[in-house]
Amino acid sequence: MALPYCLTVIAVFSLCVICNNGVEAFHEIYPDLQSISARTVSKIHRTGYHFQPHRNWINDPNGPMYYNGVYHLFYQYNPKGAVWGNIVWGHSVSKDLINWKELEPALYPSKPFDKYGCWSGSATVLPGKGPVILYTGVINKHSNEVQCYAIPENTSDPFLRKWIKPNAINPIIVAEHNMNGSVFRDPTTAWWSEDGHWKMLIGGRSKDRGMAYLYRSKDFVKWIRAKHPIHSAASTGMWECPDFYPVSLKGKNGLDTSVVGNRLNRVKHVLKNSLDVTRYEYYTIGTYFMNEDRYIPDNTSEDGWGGLRYDYGNFYASKSFFDPSKRRRILWSWANESDSKEDDVKKGWAGIQAIPRTVWLDSHGKQLVQWPVEELNSLREKEVKINNKKLKKGNYVEVKGITAAQADVEVTFSFSSLDKAETFDSRWVNAQDLCAQKGSKVEGGVGPFGLLTLASKNLEEFTPVFFRIFKAPNKHVVLMCSDARSSSLKRELYKPSFAGFVDVDLAHKKLSLRSLIDHSVVESFGAGGRTNILSRVYPTLAIKKNAHLFVFNNGTEHITVEKLKAWSMKSARRN
Ligand SMILES: *[C@@H]1O[C@H](CO)[C@@H](O)[C@H](O)[C@H]1NC(C)=O
Ligand SMILES: *[C@@H]1O[C@H](CO)[C@@H](O)[C@H](O)[C@H]1NC(C)=O
Ligand SMILES: *[C@@H]1O[C@H](CO)[C@@H](O)[C@H](O)[C@H]1NC(C)=O
Ligand SMILES: *[C@@H]1O[C@H](CO)[C@@H](O)[C@H](O)[C@H]1NC(C)=O
Ligand SMILES: *[C@H]1O[C@@H](CO)[C@H](O)[C@@H](O)[C@@H]1NC(C)=O
C-alpha cells in the first residue's frame, strides 16, 4: 500500500541524514477532497492505451495473476473521488493485458479486520485449489494493519467477480507485540518450498531499518513468522510492497515464484522494495538460501537508496507475477500524477498503470532488463520510417504522419567516434542532478541526442528523452534523461529531470531508445530496456493533434538515425 505523498518528505529525509534519527514518512490525507467526484471526467490528458479506470483515484497494482485464460488486475481504488481515500480493490480483467473490462470492486471494507481499508496485497494460485488473495486490512483509525485472506466465491466464474473473507480464519496474521503494527503491510505472492511450507513476505520497519518479514505456513491459513526477516537494510525506512522472485540465469523466460534452483546455479533471486521515505523503489539481485530463509544480495548490487531501479521516473508500488501461458514474468506499476490535488479533483481522475513489462535477467547477471509486453504491438497502426538520417549539431527532424500524442517509437542511433565525449566528473553520482545540470539545452560532445516527445510546433513545450555520453578514466558513462522541465507552460507542476545511467556496451557505437507516448505519459526504454524512465507531463499546447515528435542532436559529434520506426497507437478498449 502506498499512501499519499507529502512535499515535506525530502526535507524530512535530509534532516534524518543529518541527525541520523528514525526515518519517518509523512502521509497527507485530504479528508475534504477524498469524496468529491467531478461531474465530468476531463479527457485532455487521459491516456489512450495506458491502463486507468473510467474515473477517480488509483494507486498500487494488487494481486496480478493469470487464471483460466484470464488476466486479472486489481488496484487500490477510491470509488468516490480523485484523491487517495475510501480504499477498495478495483478489479479489471483482460485476455491480452491491453484491452480491459472493468468489474465491480473485488474487496471492500466489510469486516472488523478491514473496516478502515483493504490495502495492498498479492494473489497466489494454489495448485488444484485456485487463487488466494492475501491483503492488508486496516482495523482502526491509527492505521493498525493486519493480514487477511480472501478466496473467490466461485472458482468457475471466469472473471472471479466475488470474493469471500472467511470469518473463522481472518485476520490470518497480526503484528506481534514487539513489532510496529502501523508499518506492517503488503504481503507478497507466496512460494512453495521443498521443506513443505508456503512462504511469503510482508513489508515492515524497525526504527529506521527497512525489512521484509518472512512467514511460513503448511496450509496457507496458519502462518508463523521466521525468527529473522529474509532481508533488511539500515536507514531505508519502511519497505512497502516488497516483491521477491526467481529469475533465470539464461534466456528471457520467466519462472514460477516457487522455483528455487540456486544450488544448480540456474537461478538468481530479485528482491524489490518501495521506499516510503523517498517514494522510489530499488532492487537487488542475489541468492536465496532456502534452508536458512535468508536472501543475500550480490556484491554487485547496491543495497540501499542508491540501488538499481526498475525505472528512474514515476514508478512506485510495483508488483510482478508469473504468466504460465507465455512463460514470462510481468511487472505492473503505479505511475502517479505530477499535478496538484486540486487539478486531480477537477480532472476527475488520478493515477495510471505503466504498460506491463516483461522482465528478465541481463546475460551478465547484474541487472534486470524490461520490455513492454508483446501484446502492445497489436495497437500499432500507420507506421512511418526514417533511415540513415544524419543529424548535425542543432538539427531537428520531425517524425511526421503519425498521431504524435499517442504513439510508439523505436529508434537506433549511431555515431562514428566517441572522441568528443565530455569528461566525466566522478562527483556526478546522482543521474537526476546531472541531467538537471546537462539538459538537452546544454550543448555537448557526443549527445545530447534523442527524441523530443509531446512537443509543440515551435518547441515552447517538449519532453526530451535523450542520451549523453561521457568519458571516464577507464570507461564511458552513458546518461539517459527524460526531462520534464520544459514539458508544459503551466508552472505549478512537478517537473523533474528524471535520469539514470545506462550500463551498455558501446563497442558497436550504437544506442537504441523506445518511447511510449500517451498524452500525459512518456514511458521510455533505453538500450533495449536496460534503463527505463516514465515521466508524467501535462502540455498545454502540445495536446492531441498539436503534438509533434522530433529526433534531435545537440552535440558536436554527428549522430545518425540508423533506423526509426514510429506508429500511431489505437486506443485500448476499457469498458
Ligand atoms: C459458478 O460459476 C459458473 C460459471 O459462471 C456457473 O455455471 C455456476 O452456476 C456458478 N455456481 C454457483 C454456485 O453460483
Ligand atoms: C510505528 O509506526 C508509526 C507509523 O510510522 C509511527 O507513527 C509510530 O511512532 C511507530 N511506533 C513505534 C513504537 O515506533
Ligand atoms: C564479489 O563476490 C564474488 C563472488 O560471488 C567474488 O569473486 C568477488 O571477489 C567479490 N567482490 C568484492 C568486491 O567483494
Ligand atoms: C539545443 O541547444 C540550443 C543551444 O543551447 C538550445 O537553444 C536548444 O533549445 C537545444 N535544443 C533542445 C532540444 O533542447
Ligand atoms: C508522485 O507525485 C509527485 C508530485 O507530487 C511526488 O513528488 C512523488 O513523490 C509522488 N510519487 C509517489 C510514489 O507517491
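The structure presented is a predicted model; accordingly, all values stated were derived computationally and were not measured.

(A) Inspection of the overall build of the protein at higher detail. What the protein contains, in helices and strands, is three helices and 38 strands. Taking 2.2 N^0.38 as the reference for a compact globule, 575 residues should give roughly 25 Å; the C-alpha atoms of the protein span a radius of gyration of 23 Å, in line with that estimate. With respect to the principal axes defined by its C-alpha atoms, the protein has extents near 70 × 55 × 50 Å. Looking at the 575 residues of the protein, the share that counts as buried comes to 63%. Sequence-distant contacts, at least 24 apart, represent 65% of the contacts inside the protein between residues at least 6 apart. For the protein, the accessible surface area stands at approximately 22600 Å², while carbon and sulfur atoms represent 51% of it. For the protein, the centre of its 75 positive side-chain charges and the centre of its 57 negative side-chain charges are spaced 3 Å apart.

(B) Region of the structure containing the sheet that holds strand E18 (residues 280-289). Across the sheet, which stays open at both edges, the four strands sit in the order E16-E17-E18-E19 with antiparallel pairing between neighbours. Single-partner strands in this sheet number two, and they are strand E16 (239-248) and strand E19 (294-297). Shown here is a sheet whose adjacent strand axes are inclined to one another by a mean of 35 degrees, direction ignored.

(C) Up close: the domain arrangement of the protein. The domains assigned to the protein are domain 1 (56-372) and domain 2 (374-569). With 32 residues of domain 1 at the contact, the number on the domain 2 side is 29 residues. Regarding the contact of domain 1 and domain 2, the summed buried area is about 2700 Å², with carbon and sulfur atoms giving 50% of it. Among the residues of domain 1 in contact with domain 2, Tyr312, Ser338 and Trp371 are the three that bury the most area, contributing 24% of the side total. Across the pair Glu523 and Arg357 runs a salt bridge, and its minimum N-O distance is 2.9 Å. If you look at where domain 1 meets domain 2, you find 20 residue pairs in polar contact (both at pLDDT 80 or more). When contributions to the side of domain 1 that touches domain 2 are tallied by element, the ones reaching two or more residues are strand E21 (328-335), helix H2 (341-347) and strand E25 (368-372). Here the side of domain 1 that touches domain 2 gets five residues from one element, more than from any other, and that element is E25. Partitioned by chemical class, the residues of the side of domain 1 that touches domain 2 number 15 nonpolar, seven polar and ten charged.

(D) Inspection of the state of the cysteines at higher detail. Counted under the stated rule, the structure contains one disulfide. In this model Cys435 forms its disulfide with Cys481; the gap between the sulfur atoms is 2.5 Å. A residue pair is termed long-range when its members are at least 10 positions apart, and Cys435 in helix H3 (residues 431-437) and Cys481 in strand E32 (residues 476-483) qualify at 46 residues. There is no split in this pair, since Cys435 and Cys481 are both buried. Cys118 carries a free sulfur, and the closest cysteine sulfur to it, the one in Cys148, is 7.4 Å from it. Residue classification places Cys118 among the buried positions, given a relative accessible area of 0%. The structure places no disulfide on Cys241, whose sulfur is separated from the nearest cysteine sulfur, that of Cys118, by 15 Å.

(E) Summary view of unusual backbone geometry. In this chain, Asn170 is followed by Pro171 through a cis amide linkage whose omega measures -10 degrees. As for its position among the elements, Pro171 is in the loop between strand E8 (163-164) and strand E9 (173-174). The linkage connecting Gly447 with the following residue, Pro448, adopts the cis geometry, with an omega of 10 degrees. Secondary-structure assignment places Pro448 in strand E30 (residues 446-455).

(F) The pattern of salt bridges, seen in detail. Counted under the stated rule, the structure contains 36 salt bridges. One salt bridge connects Glu375 with Arg328, and the closest N-O pair in it is separated by 2.7 Å. With Glu375 in the loop between E25 and strand E26 (380-391) and Arg328 in strand E21, this pair connects stretches of sequence that are 47 residues apart. For the pair formed by Glu375 and Arg328, the shared burial category is buried.

(G) Focus on the confidence of the model for the protein. Across the protein, the average pLDDT comes to 94, with 94% of residues at 70 or higher. Mean pLDDT across the secondary structure elements of the protein bottoms out at helix H1 (residues 9-19), with 34, and peaks at strand E35 (residues 521-526), with 99. This stretch, residues 5-26, has a pLDDT under 50; its non-local contacts, to residues over four places away or in other chains, come to 31 contacts.

(H) View of the environment of Gly204. Tracing the backbone through its elements, the reader meets Gly204 in strand E12 (residues 197-206). Judged by relative accessible area, Gly204 falls into the buried class, the value being 0%. Along the chain, Gly204 and Pro109 lie 95 residues apart, while their C-alpha atoms are 23 Å from each other. Setting aside anything within four residues of it in sequence, one finds Gly204 in contact with Val183, Arg209, Gly210, Met211, Tyr213, Gly237, Met238 and Trp239.

(I) Region of the structure containing the packing of aromatic side chains. Summed over the entire model, instances satisfying the criterion amount to 34 aromatic pairs. Cluster of aromatic residues (ring-pair linked, three or more members): Phe51, Tyr75, Tyr77, Trp100 and Trp332. Between the NZ or CZ atom of Arg46 and the centre of the ring of Trp349, over which it lies, the distance is 5.6 Å. In this structure, Lys165 is placed above the aromatic ring of Tyr108, and the distance from its NZ or CZ to the ring centre is 5.7 Å.

(J) Highlighting the pairing of E32. With seven of eight residues buried, E32 is to be regarded as a mostly interior element. As paired elements, strand E31 (residues 463-471) and E32 share seven bridges and run antiparallel to each other. The residue of E32 that forms the bridge with Ile469 is Val478.

(K) Here's a closer look at the sheet that holds strand E2 (residues 70-78). If you walk across this open sheet you meet the five strands as E4-E3-E2-E1-E22, and the pairing is mixed. Among the strands making up the open sheet, the edge pair consists of strand E4 (101-107) and strand E22 (349-350). Judged from the seven bridges that link them, strand E1 (residues 56-67) and E2 form a sheet pairing that is antiparallel. Within E2, the position partnered with Tyr67 by the bridge is Val70.

(L) How the structure looks around the environment of Arg427. Mapped onto the elements, Arg427 comes out in the loop between strand E29 (422-423) and H3. Within polar-contact distance, the side chain of Arg427 engages the side chain of Asp425 at 2.6 Å.

(M) Structural detail: the pairing of E35. The buried count for E35 comes to six of six residues, which makes it a mostly enclosed element. The alternating pattern of E35 places Val521, Glu523 and Phe525 on one face and Val522, Ser524 and Gly526 on the opposite face, and all of these are buried. Counting the residues that bridge the hairpin from strand E34 (residues 510-518) to E35 gives two residues, and of these His519 lies at a positive phi of roughly 65 degrees. Where E35 lies against strand E36 (residues 531-536), six bridges are found, and the strand directions are antiparallel. Looking at E36, one finds that Gly526 is bridged to Thr531. Counted between consecutive antiparallel strands, the loop separating E35 from E36 contains four residues, among which Ala527 sits at a positive phi close to 50 degrees.

Rules used in this analysis
- Residues numbered from 1 in each chain as written.
- Chains lettered and ligands numbered in written order.
- Predicted model: local features only at pLDDT ≥ 70, side-chain atom pairs only at ≥ 80, totals over all residues.
- Heavy atoms only, no water.
- Helix = DSSP H or I, 4+ residues; strand = E, 2+ residues; numbered from the N terminus.
- Rg over C-alpha atoms; globule rule 2.2 N^0.38 Å.
- Buried < 20%, exposed > 50% of the residue type's maximum accessible area, 1.4 Å probe, protein only.
- Contact = heavy atoms within 4.5 Å.
- Areas by Shrake-Rupley, 256 points an atom, 1.4 Å probe, with all protein chains shown as cover.
- Lys, Arg positive; Asp, Glu negative; His and termini not counted.
- Charge placed at Lys NZ, Arg CZ, Asp CG, Glu CD.
- Pairing = 2+ DSSP bridges.
- Axes fitted to C-alpha atoms, helices over the stretch in contact; angles between N-to-C directions.
- Domains from an automatic or database assignment.
- Buried area = accessible area lost by both parts, 1.4 Å probe.
- Salt bridge = Lys/Arg side-chain N within 4 Å of Asp/Glu carboxyl O.
- Polar contact = N/O pair within 3.5 Å; in protein donor to acceptor, adjacent residues only side chain to side chain.
- Nonpolar A, V, L, I, M, F, W, Y, C, P; charged D, E, K, R; others polar.
- Disulfide = S-S within 2.5 Å.
- pLDDT = per-residue confidence, 0-100.
- Phe/Tyr/Trp six-rings, centres within 6.5 Å; stacked < 30°, edge-to-face > 60°.
- Lys NZ or Arg CZ within 6 Å of the ring centre and 35° of its normal.

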